[in-house]
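Observations on chain architecture
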Amino acid sequence: MKDGSGNESLFFHGDSPKKGRTSMKHYHLRYGCNPHQAPSRIYSKQQELPIQILNGNPGYINLLDALNAWQLVKELRELFQIPSAASFKHVSPAGAAIGIPLSKELQQAYFVENLELTPLAAAYARARGADRMSSFGDWIALSDKVDIVTAKLIASEVSDGVIAPEFEPEALKLLCKKRKGQYTIIQIDAHYVPDELECKDVFGITFEQKRNGYNINESMLDNLVTENKNIPDAARKDLLLALAVTKYTQSNSVVLAKEGQAIGIGAGQQSRIHCTRLAANKADIWYLRQHPKVFHLRFKEGLSRSEKDNVIDQYLNDSLSPNEERYFLASLKEKPEKISFDEKKDWLSRLTEVSLSSDAYFPFRDNIDRAERTGVTYLVQPGGSVRDDDVIRACNEYGMSMAFSGIRLFHH
């Protein structure tokens, strides 16, 4: 397979091509995180790389996203025995989900109302739909063989590349046409297990640690510390999904989940409350996108899905400048009726039974107060704060159920 430029040597860069294979021990990249950071490469010290580049020419950040996203979908697949998908941007998920059917409202909100989705396609529609603004230009990870339905969905969205264990021939052929033939497609060995120790260099100094091989499991929900100790099966699944997403999200992180998908991810914040606010605000927008008035927006002909996402985001924004307002209205056939403050409040009050995971303990109850406003009912966190009693008391006031997992999930 060629990379779109007709140059097969891009697959090897220093390794002699092996007949019928694109396996290799190292691969030279265009540059590192930024164009001035060259040379750049990936390599394996002991064995061949577990990936084959079937099309395109991935960059440094592409591969960081690909390998982190693959670990997440692989873990979700093992956890739930259902096809899973993740949408990654800058080494954190914008969304992740398992492949369960979508409601009519979600189908419309995710622009897939006219498609019959396979479980894998449903997983990606959910992962992409969690935060469509952030998923623009995402890296996609899929747990199972990519079918033609999923490939058609990917072809209709703006993304940088995809990683999966296998591709149906028709699906691969379709994806190879994306981005004028330069779309990056990576196949990974689903049975690959990395070394237990991992290393990275920072400022000329090598860091070494045991890889985070802790498997997310049901026992993490056993230590219920609140008065309400009832966590329904559906919520337990959402908590486990949120824990898995947290494990592969840049710290500090908080993840909100509902009905088999992440609906709000607060990644890489220095303050825990900022993680919670960010995740909750994204979940609010996710739910507001399903408001009937959003579905009644009349877009002008020819708008792409991404352009419609921008229009919806502006429609839900209450503080547009005059220039932003003009741009927003120019994309619509008619001026829409805005969703009032009271209407938003009423609509968001219907969002309930949300699950939340935090990668480290909550230092103050303000996180609980903010989470409650976005319908959070079930929580899991490591515990261990000197103010655990305050946090538990806040949960009890709201009738929430919270488990202490005892496991911190920092990821850097």
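Source: prediction; values computed, not measured.

Conventions we followed
Residues numbered from 1 in each chain as written. Predicted model: local features only at pLDDT ≥ 70, side-chain atom pairs only at ≥ 80, totals over all residues. Heavy atoms only, no water. pLDDT = per-residue confidence, 0-100. Contact = heavy atoms within 4.5 Å. Salt bridge = Lys/Arg side-chain N within 4 Å of Asp/Glu carboxyl O. Helix = DSSP H or I, 4+ residues; strand = E, 2+ residues; numbered from the N terminus. Buried < 20%, exposed > 50% of the residue type's maximum accessible area, 1.4 Å probe, protein only. Expected span 1.5 Å × (residues − 1). Axes fitted to C-alpha atoms, helices over the stretch in contact; angles between N-to-C directions. Parallel < 35°, antiparallel > 145°, perpendicular 65-115°, else oblique. Left-handed = near helix turned anticlockwise from the far one by under 90°. Nonpolar A, V, L, I, M, F, W, Y, C, P; charged D, E, K, R; others polar. Patch = residues over 30% accessible without salt bridge, like charges linked within 9 Å, V, L, I, M, F, W, Y side chains within 5 Å. Areas by Shrake-Rupley, 256 points an atom, 1.4 Å probe, with all protein chains shown as cover. Pairing = 2+ DSSP bridges. Core = buried A, V, L, I, M, F, W, Y, C linked by side-chain atoms within 4.5 Å. Phe/Tyr/Trp six-rings, centres within 6.5 Å; stacked < 30°, edge-to-face > 60°. Lys NZ or Arg CZ within 6 Å of the ring centre and 35° of its normal.

1. Structural notes on the confidence of the model for the protein
Model confidence for the protein is summarised by a mean pLDDT of 91, while 94% of its residues fall at 70 or above. The model gives residues 1-22 a pLDDT under 50, and that stretch makes 47 contacts with residues more than four places away or in other chains.

2. Remarks on the pattern of salt bridges
Per the stated rule, a full pass over the model turns up 24 salt bridges. We note a salt bridge from Asp138 to Arg128, for which the minimum N-O separation is 3.0 Å. One end of the pair, Asp138, is in strand β6 (residues 138-142); the other, Arg128, is in helix α3 (residues 119-129), with 10 residues separating them in the sequence. Residue classification places Asp138 among the buried positions, given a relative accessible area of 0%. We classify Arg128 as buried; its relative accessible area is 2%.

3. Brief notes about helix α7 (residues 272-288)
An ideal rise of 1.5 Å per residue puts 24 Å on 17 residues; α7 measures up with 24 Å between its terminal C-alpha atoms. Buried within α7 we find Arg272, Ile273, Cys275, Thr276, Ala279, Ala280, Ala283, Asp284, Trp286, Tyr287 and Leu288.

4. Thoughts on the packing of helix α9 (residues 305-316) against helix α10 (residues 322-330)
The geometry of α9 relative to α10 is characterised by a closest axis approach of 10 Å and an angle of 130° between their N-to-C directions. Between α9 and α10, the crossing angle belongs to the class labelled oblique. The two elements α9 and α10 meet at a crossing, and its hand is left-handed. Here Val311, Gln314 and Tyr315 of α9 come into contact with α10, specifically with Glu324, Tyr327 and Phe328. Here the contact of α9 with α10 is composed, by residue class, of 4 nonpolar, 1 polar and 1 charged.

5. Regarding a nonpolar patch on the surface
Nonpolar side chains collect at one region of the surface, where Val202, Phe203, Ile205 and Phe207 lie side by side and expose about 480 Å² of accessible area between them. Relative to the elements of secondary structure, Phe207 occurs in strand β10 (residues 205-210).

6. Some words on the environment of Ile185
The residue Ile185 is located in strand β8 (residues 184-188) in this model. Here Ile185 is in contact with Gln52, Ile53, Leu54, Asn55, Val162, Phe167, Leu172, Leu175 and Cys176, once residues within four sequence places are set aside.

7. Describing unusual backbone geometry
That bond from Ala38 to Pro39 is cis: its omega, 5°, falls within 30 degrees of zero. Looking at where Pro39 falls in the secondary structure, it is placed in the loop between β1 (26-29) and β2 (40-43). Here Ser251 and Asn252 are connected by a cis peptide whose omega angle stands at -5°. Within the secondary structure layout, Asn252 lies in the loop between α6 (233-247) and β11 (253-258). Positive phi, close to 60°, is recorded for Phe111, a residue that is not glycine. Its location among the elements puts Phe111 in the loop between α2 (104-109) and α3. Of note in the backbone geometry, Phe203 takes a positive phi value of approximately 55° without being a glycine. By the secondary structure assignment, Phe203 is in the loop between β9 (197-202) and β10. Look at Phe203 and you get exposed, because its relative accessible area is 82%.

8. Things to note about the packing of helix α1 (residues 60-80) against α6
One way to put it is that α1 packs onto α6 with a least axis distance of 10 Å and a crossing angle of 155°. With respect to each other, α1 and α6 are oriented roughly antiparallel. The crossing of α1 and α6 is right-handed. Counted together, Leu72, Glu75, Leu76, Leu79 and Phe80 of α1 and Lys237, Leu240, Leu241, Ala244, Val245 and Lys247 of α6 form the full contact between these two elements. Class assignment of the residues belonging to the contact of α1 with α6 gives a composition of 8 nonpolar, no polar and 3 charged.

9. Details of the pairing of strand β12 (residues 261-267)
Here β12 lies mainly inside the structure; 7 of its 7 residues are buried. In this structure, β11 lies alongside β12, joined through 6 bridges in antiparallel fashion. Paired with Ser253 across the two strands is Ala267, which belongs to β12. Adjacent in sequence and paired antiparallel, β11 and β12 are bridged by 2 residues, among which Glu259 carries a positive phi angle near 55°.

10. A short note on the nonpolar core
Membership of the largest hydrophobic core comes to 68 residues, with the highest contact counts inside it found for Leu142, Val162, Phe167, Leu175, Ile185, Leu256 and Leu379. Ranked by the residues each element gives to this core, the list is headed by α7, at 7 residues.

11. Regarding the packing of aromatic side chains
All chains considered together, the criterion is met by 3 aromatic pairs. One aromatic cluster is present, formed by Trp286, Tyr287 and Trp347 through successive ring pairs. A cation over an aromatic ring shows up here: Arg30 above the ring of Tyr31, its NZ or CZ 5.7 Å from the ring centre. The lysine or arginine in question, Lys338, covers the ring of Phe328, its NZ or CZ lying 5.7 Å from the ring centre.

12. Comments concerning the side chain of Thr246
Structurally, Thr246 is set in helix α6. The residues contacting Thr246, other than those within four sequence positions of it, are Ser253, Val255, Ser357, Ser358, Asp359 and Leu409.

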